[in-house]
Amino acid sequence: MSGNVWTRWPLREALSRQGTSRPRRMLAWAVRLLVLGVLLWSAFSHRHVGIWGALAAAAGVVVAGLAGWAFFRTTCAHRLVSSLALTGLLLAIAVAAQATGFRVPALVIFCGCGITALERLPLAAAGPVTAVALAAYSAFNTDAWLNTTITVAGMALGGYVLRLDAEARGSAQRLLVQERAALAAEAESAALTERARIAREIHDVLAHSLSAQLVHLEAARLLIENGADRERILERVVAARGMARDGLAETRQALSALRGELTPLEDFLAELVSGADNAEVTVTGERRPLPAEASQAVRRVAQEALTNVRKHAQGAKVRLRLDYSPREVTLDVRDWGGRPGELTGSGGGYGLLGMRERAELLGGSLDAGPDEEGFMVTLKVPV
């Protein structure tokens, strides 16, 4: 970009009115009206020109004004040939005005062309145009050469300062547009992330609850097919009803979690095993609040692991150990001493697969498999 500085146009945001404050726009219009007023006053107040000459001069002022407006439009569109042609027309009008005795309008047009060319054209084109315009101003100006030199240098410097100011304003406007686009994209990404989180929560709750109910209902079906007595069948149906009730409670808890109303993780694990005599919870490390996603991952893995124990290892002893370390939290669920359940061969392990995907999304890991005594599930989540 910097190697092409001589042929690079100013930013379109710099050449347009976009991002310009209202006081600045009002000042620009005041300057234009002042210049137009000076030109018209010069046209009608000249003593050596009759009414028709004054009208012709006024028409020249109008043509110059239209050419200046068109010059602003063509430079905004980055059309170099049209812009240079309009600049040439303005300089020709200035020369004609000087030749017919309208010295003030000619000098004003020369100055305007020199400054605006330097402000709005690529430097490779602005340099010659500004040099011609200011040289014409110097040639036709009757002031002392030192005053003329200082004036010309000041106008050239002013034109370049206006260019730098416009470039800064255009860059700021472009950065503002990019920032707004980035914020919109970030908001959209956050919305998609939140939707994905809600979808995972709903999926996890339903998968856990319905899977637990399926265990007992399938067991009831097998008992009916094998001609078991009524009490054993009723026991399974009642257990399925309890799982449905628990599922509703988990759904409410998931909704509370989505609203940020989470119970402490240690209390949740204690409640999860409160009805079982063969399960215990151990917490090590310095306890602290966890991010919502990490906390939910630990809860869901604990639920899924206990469901699998009930499903595949009835009567097994279970130990849940929650360990807080400085950089991660670890949940270790181990069971041993159980007997194969009636539904040991059912299911494809999709619950643990979902938990593993959840852990990986958080930058953690989940390991599950048999160990020396029974089965173990280990979740590690960075915090």
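See the structure above.
The paragraphs below set out a description of the structure included in this document. These figures come from a predicted structure and were not determined experimentally.

## Quick word on the overall build of the protein chain
Along its length, the protein chain carries eleven helices and seven strands. By residue count, 37% of the 383 residues in the protein chain fall in the buried class. In the protein chain, the proportion of contacts linking residues at least 24 apart, taken out of those at least 6 apart, comes to 69%.

## Details of the packing of aromatic side chains
On inspection of all chains with the given rule, the structure shows two aromatic pairs. Ring geometry for Phe110 against Phe140: centres 5.8 Å apart, planes inclined by 10°, an arrangement best described as stacked. In this pair, Phe110 sits in helix H5 (residues 103-120) while Phe140 sits in helix H6 (residues 123-140), placing the two residues 30 residues apart along the sequence. Between Arg299 and the ring centre of Phe268, over which it is positioned, the NZ or CZ distance is 5.1 Å.

## Section: helix H4 (residues 80-99)
Taking 1.5 Å per residue, 20 residues should reach 28 Å; H4 reaches 28 Å between its end C-alpha atoms and fits that length. Looking at H4, one finds that the buried residues are Ser83, Leu86, Thr87, Leu90, Leu91, Ile93, Ala94, Ala97 and Gln98. Projected down its long axis, H4 shows its buried positions confined to an angular sector of 155°, all on one face. In this structure, H4 carries Val81 and Ala99 as exposed residues pointing more than 90 degrees from its buried face. One or two residues past the end of H4 sits Gly101, with phi positive at roughly 95°.

## Points about the side chain of Thr378
Among the secondary structure elements, Thr378 is positioned in strand E7 (residues 374-382). When neighbours within four sequence positions are excluded, Thr378 is seen to be in contact with Thr330, Leu331, Asp332, Ser365, Leu366 and Asp367.

## Some thoughts on the packing of H4 against H6
Their axes nearest at 12 Å, the elements H4 and H6 cross at an angle of 5°. On the basis of the axis angle, H4 is roughly parallel to H6. In this structure, H4 contributes Leu80, Leu84, Thr87, Leu91 and Gln98 to the contact, and H6 contributes Ala125, Val129, Val132, Ala133 and Phe140. Along the lines of polarity and charge, the residues of the contact of H4 with H6 split into eight nonpolar, two polar and no charged.

## A look at the sheet that holds strand E1 (residues 279-284)
Strand order across the open sheet formed by five strands is E1-E3-E4-E7-E6, with mixed pairing between neighbours. The open sheet has two free edges, formed respectively by E1 and strand E6 (365-370), since each of these has just one partner strand. Taking each pair of neighbouring strands and ignoring which way they run, the sheet shows an average axis angle of 10°. Bridge count for strand E3 (residues 317-324) against strand E4 (residues 328-336) is eight bridges, and the pairing is antiparallel. In the sheet register, Arg319 faces E4, and the bridge partner there is Arg334. Of the strands in this sheet, E1, E3 and E4 touch helix H9 (residues 265-272), which is tilted by about 180° from E3.

## Digging into helix H10 (residues 292-312)
For H10, which comprises 21 residues, the first-to-last C-alpha distance of 30 Å matches the rise-based estimate of 30 Å (1.5 Å per residue) to within 8%. Burial within H10 is extensive, with 18 of its 21 residues counted as buried.

## Examining the pattern of salt bridges
Pairing is possible between side chains that carry opposite charge, provided their charged atoms lie close to one another. In this structure the tally under the stated criterion is three salt bridges. With a shortest N-O distance of 2.7 Å, Arg334 and Asp332 are connected by a salt bridge. Residue classification places Asp332 among the buried residues on the basis of a relative accessible area of 6%. Connected through salt bridges with shared partners, the residues Glu218, Arg221 and Glu225 form a single ionic network.

## Thoughts on the environment of Val281
If you trace the backbone, Val281 turns up in strand E1. Along the sequence, Val281 and Val318 sit 37 residues apart, while their C-alpha atoms lie 8.7 Å from each other. Excluding anything up to four places from it in sequence, Val281 contacts Leu269, Ala270, Val273 and Leu320.

## Examining the side chain of Gln98
As for its position among the elements, Gln98 is in helix H4. Here Gln98 falls in the buried class, since its relative accessible area comes to 18%. Ignoring anything within four residues of it in the chain, the contact list for Gln98 reads Arg103, Ala106 and Phe140.

## Some thoughts on the pairing of E6
Taken together, the six bridges between E6 and E7 define a ladder with antiparallel strand orientation. Its bridge partner lying in E7, Ser365 is registered against Lys380. From the end of E6 to the start of E7, which pair antiparallel, there are three residues.

The rules behind each value
Residues numbered from 1 in each chain as written. Predicted model: local features only at pLDDT ≥ 70, side-chain atom pairs only at ≥ 80, totals over all residues. Heavy atoms only, no water. Helix = DSSP H or I, 4+ residues; strand = E, 2+ residues; numbered from the N terminus. Buried < 20%, exposed > 50% of the residue type's maximum accessible area, 1.4 Å probe, protein only. Contact = heavy atoms within 4.5 Å. Phe/Tyr/Trp six-rings, centres within 6.5 Å; stacked < 30°, edge-to-face > 60°. Lys NZ or Arg CZ within 6 Å of the ring centre and 35° of its normal. Expected span 1.5 Å × (residues − 1). Arc of directions from axis to C-beta. Axes fitted to C-alpha atoms, helices over the stretch in contact; angles between N-to-C directions. Parallel < 35°, antiparallel > 145°, perpendicular 65-115°, else oblique. Nonpolar A, V, L, I, M, F, W, Y, C, P; charged D, E, K, R; others polar. Pairing = 2+ DSSP bridges. Salt bridge = Lys/Arg side-chain N within 4 Å of Asp/Glu carboxyl O.

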